[in-house]
Amino acid sequence: MKPGIHPAYRPVVFRDRVADFAFLTRSTATSDKTVEWEDGNTYPVIDVEISSASHPFYTGTQRVLDTAGRVERFERRYGRGQGRQ
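Residues numbered from 1 in each chain as written. Predicted model: local features only at pLDDT ≥ 70, side-chain atom pairs only at ≥ 80, totals over all residues. Heavy atoms only, no water.

(A) Spatial organisation of the overall build of the protein chain. Helix and strand counts for the protein chain stand at 2 helices and 4 strands. Along the protein chain, helices and strands appear, N-terminal first, in the series β-β-β-β-α-α. A burial count over the protein chain gives 13% of its 85 residues as buried. Taking contacts inside the protein chain between residues at least 6 apart in sequence as the whole, the part at least 24 apart equals 32%. Taken as a whole, the protein chain presents about 7,500 Å² of accessible surface, with 50% of it coming from carbon and sulfur. (Helix = DSSP H or I, 4+ residues; strand = E, 2+ residues; numbered from the N terminus. Buried < 20%, exposed > 50% of the residue type's maximum accessible area, 1.4 Å probe, protein only. Contact = heavy atoms within 4.5 Å. Areas by Shrake-Rupley, 256 points an atom, 1.4 Å probe, with all protein chains shown as cover.)

So, in structure tokens, the structure goes:
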């Protein structure tokens, strides 16, 4: 790799304010905001709108779509077997 062309890869805190959830990881993302982490060190913090703590897939609050109803509505609207023979 060429030296000096890659962004710094450092510890960063990602915080989901809706779910009151934060995690420390490494990233090239930057931020002017900082937060003091559990280990006593200060890290840049990036606020995210959704994380595994608030995403419906991970929390189990996802809605199941009625795909059968959609297929039936499509068949009623356009008919089944009325196409080319």
